[in-house]
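Listed below, chain by chain, are the residues.
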Amino acid sequence: MNVARVHDQSYVTLATNENYALGALTLGSSLRNSNTNRSLTVLITSQVPSPLVDQLRTVFDLVELVDVLDSNDSANLALLKRPELGVTFTKLHCWRLVQFSKCVFLDSDCLVVKNSDDLFDNDEFTAVTDIGWPDCFNSGVFVFRPSLQTYSSLLTYAVQQGSFDGGDQGLLNSFFPNWKRASFVYNMTTNASYSYAPAYKQFKDSVRIVHFIGAQKPWYHSYNLDSGSVMGNVTVHESELINQWWKVFVDNVLPGLNEETVSRMSV
Ligand code: UDP
Ligand code: MN
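Cut-off values and rules
Residues numbered from 1 in each chain as written. Chains lettered and ligands numbered in written order. Predicted model: local features only at pLDDT ≥ 70, side-chain atom pairs only at ≥ 80, totals over all residues. Heavy atoms only, no water. Buried < 20%, exposed > 50% of the residue type's maximum accessible area, 1.4 Å probe, protein only. Helix = DSSP H or I, 4+ residues; strand = E, 2+ residues; numbered from the N terminus. Pairing = 2+ DSSP bridges. Right-handed = clockwise from strand over helix to strand, strands pointing away. Core = buried A, V, L, I, M, F, W, Y, C linked by side-chain atoms within 4.5 Å. Contact = heavy atoms within 4.5 Å. Near = heavy atom within 4 Å. Polar contact = N/O pair within 3.5 Å; in protein donor to acceptor, adjacent residues only side chain to side chain. Areas by Shrake-Rupley, 256 points an atom, 1.4 Å probe, with all protein chains shown as cover. Axes fitted to C-alpha atoms, helices over the stretch in contact; angles between N-to-C directions. Parallel < 35°, antiparallel > 145°, perpendicular 65-115°, else oblique. Left-handed = near helix turned anticlockwise from the far one by under 90°. Nonpolar A, V, L, I, M, F, W, Y, C, P; charged D, E, K, R; others polar. Donors = N, O, S within 2.8 Å, 3.2 Å for Na, K, Ca; no water. Tetrahedral: all angles 85-135°; square planar, octahedral: opposite > 155°, others 65-115°. pLDDT = per-residue confidence, 0-100. Salt bridge = Lys/Arg side-chain N within 4 Å of Asp/Glu carboxyl O.

It is worth spelling out the pairing of strand 1 (residues 6–15) at this point. Within strand 1, seven of the 10 residues are buried, leaving the element largely enclosed by the surrounding structure. The pairing of strand 1 with strand 2 (residues 38–44) spans seven bridges and is parallel. Bridge pairing in strand 2 places threonine 13 opposite valine 42. The handedness of the strand 1 to strand 2 crossover, carried by helix 1 (residues 18–33), is right-handed. In the sheet, strand 1 pairs with strand 4 (residues 102–106) via four bridges, with the strands oriented parallel. Across the sheet, serine 10 pairs through a bridge with cysteine 103, a residue of strand 4.

As a further point, take the nonpolar core. With 53 residues, the main nonpolar core has Leu56, Phe60, Leu106, Leu119, Trp246, Phe249 and Leu257 as its most contacted residues. Here the element with the most residues in this core is helix 9 (residues 236–253); it accounts for eight residues. Each residue touching phenylalanine 60, except ones within four places of it in the same chain, is listed here: Thr13, Ala24, Gly28, Arg32, Leu40, Thr41 and Val42. Ranked by size, the runner-up nonpolar core spans 25 residues in total, among them Leu43, Phe89, Cys94 and Trp95.

What follows is about unusual backbone geometry. Cis peptide bonds are those with omega within 30 degrees of zero, and the linkage from glutamate 124 to phenylalanine 125 qualifies with 5°. Within the secondary structure, phenylalanine 125 sits in the loop between strand 5 (110–112) and strand 6 (126–129). The backbone of asparagine 35 shows a phi angle near 60°, a positive value even though the residue is not glycine. By the secondary structure assignment, asparagine 35 is in the loop between helix 1 and strand 2.

In this section: the site of ligand 1. The environment of ligand 1 is made up of 13 residues, and the closest members are Leu14, Thr16, Tyr20, Gly214 and Lys217. Residue leucine 14 places a main-chain N or O atom 2.6 Å away from an oxygen atom belonging to ligand 1. Interatomic distance of 2.6 Å between a side-chain N/O atom of tyrosine 20 and an oxygen atom of ligand 1. In isolation ligand 1 exposes 520 Å². Once the protein is present, 76% of that is buried.

Looking now at the packing of helix 1 against helix 2 (residues 50–59). Here helix 1 crosses helix 2 at 15°, and the two axes come no closer than 10 Å. Overall, the two elements helix 1 and helix 2 adopt an arrangement that is roughly parallel. The two elements helix 1 and helix 2 meet at a crossing, and its hand is left-handed. For the pair helix 1 and helix 2, the contacting residues are Glu18, Ala21, Leu22, Ala24, Leu25, Gly28, Ser29 and Arg32 in the first and Leu52, Gln55, Leu56 and Val59 in the second. By residue class, the composition of the contact of helix 1 with helix 2 is seven nonpolar, three polar and two charged.

Bringing the coordination of the manganese ion (ligand 2) into the picture now. Every protein donor of the manganese ion (ligand 2) is listed here as Asp107 (OD), Asp109 (OD), Asp109 (OD) and His211 (NE2), and their distances to the metal cover 2.2 to 2.3 Å. Note that the manganese ion (ligand 2) binds six donor atoms; their angles at the metal cover 57 to 175°, and the shape is irregular. The sequence pattern formed by the donor residues of the manganese ion (ligand 2) is D-x1-D-x101-H. You can see aspartate 107 sitting in the loop between strand 4 and strand 5 and its partner histidine 211 sitting in strand 10 (residues 209–211), a full 104 residues away along the chain. Accessibility classification places aspartate 107 together with histidine 211 in one group, the buried group.

Turning our attention to the confidence of the model for the chain. When pLDDT is averaged along the chain, the result is 90, and 91% of the positions lie at 70 or above. Our summary of model confidence lists the complex with pTM equal to 0.94 and ipTM equal to 0.99.

Strands sit in the order 3-2-1-4-7-6-8 across an open sheet of seven strands; the sheet is mixed. Edge strands, defined here as strands with exactly one partner in the open sheet, are strand 3 (62–65) and strand 8 (180–181). Contacting strand 1, strand 2 and strand 4, helix 1 crosses the sheet at an angle of about 150° to strand 1. Strands strand 2 and strand 3 of the sheet are contacted by helix 2, whose axis makes an angle of about 165° with strand 2.

Applying the stated criterion across every chain yields a total of 10 salt bridges. Across the salt bridge formed by lysine 91 and aspartate 107, the nearest N and O atoms sit 2.9 Å from each other. Of the two residues, lysine 91 sits in helix 4 (residues 86–92) while aspartate 107 sits in the loop between strand 4 and strand 5, which places them 16 residues apart along the sequence. Accessibility classification places lysine 91 together with aspartate 107 in one group, the buried group. In this structure, the salt-bridge partner of aspartate 118 is arginine 208, at a minimum N-O distance of 3.2 Å. On the criterion of sequence distance, the pair formed by aspartate 118 in the loop between strand 5 and strand 6 and arginine 208 in the loop between helix 8 (197–203) and strand 10 is long-range, its members being 90 residues apart. Exposure remark for aspartate 118: the relative accessible area of 31% places this residue in the partly exposed category. Each member of the salt-bridge network shares a partner with another, and the members are Glu18, Glu260 and Arg264.

Structure (structure tokens):
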């Protein structure tokens, strides 16, 4: 089947350093494997090493260099006094992608396990409940409409109100209080799988996007190439999901990495 491509809509992710770039490469490959008909965009900063930027170009249609902080307008200048909002601010750059009419943002620690293009049937602002505080959404997956006006309002809001959790999730939850809820299968946070094991068992086959929240990202785990499984201290539920991430990484990303990058990982 020849699926018509939709050029004015894109998945968007962000990587500000080498580790998150490995995440972005794996996410991008998982999107390709899902046969998406949307374009793929990654926002990067100058800290991403150039061999990885070259590899990102082979997976993503658009690799967009953004500044962590630039000082073209007064909101940005004010943010210079709030360095703790730096990474948060970087995610907001996605609203500047006005060549697209609609986008789905995905954290680079997400893995698409089934085609998720029907997320684009939703409008700004659609997201999935956060399992830590279910009245909030998790900001790892959301549908938005690029707009310079929204971008500027978000910056002004960030400077004036800050973020109640110091990150993008607090800021976006305050800014979009009337968000619409998408099914949990579009942002299945990994720790939910053991906090509610029966539900995970019941619904895991319908999961579309897995999100590896928290400090222990899949790329920090050691992986045994021969057995095809992660090593060390992980729960059974987690290891199943982390193995899935590593399978995509080993098949699609690892062959393109240089030795220096591989030597820094625990493969
Ligand atoms: N991110 C990044 N560099 C960083 C931290 C975060 O590029 O140093 C981006 C990346 O896309 C990441 C997202 O911001 O997935 C949100 O951070 P993270 O996923 O670590 O937060 P969590 O989902 O664990 O709350
Ligand atoms: Mn994340």
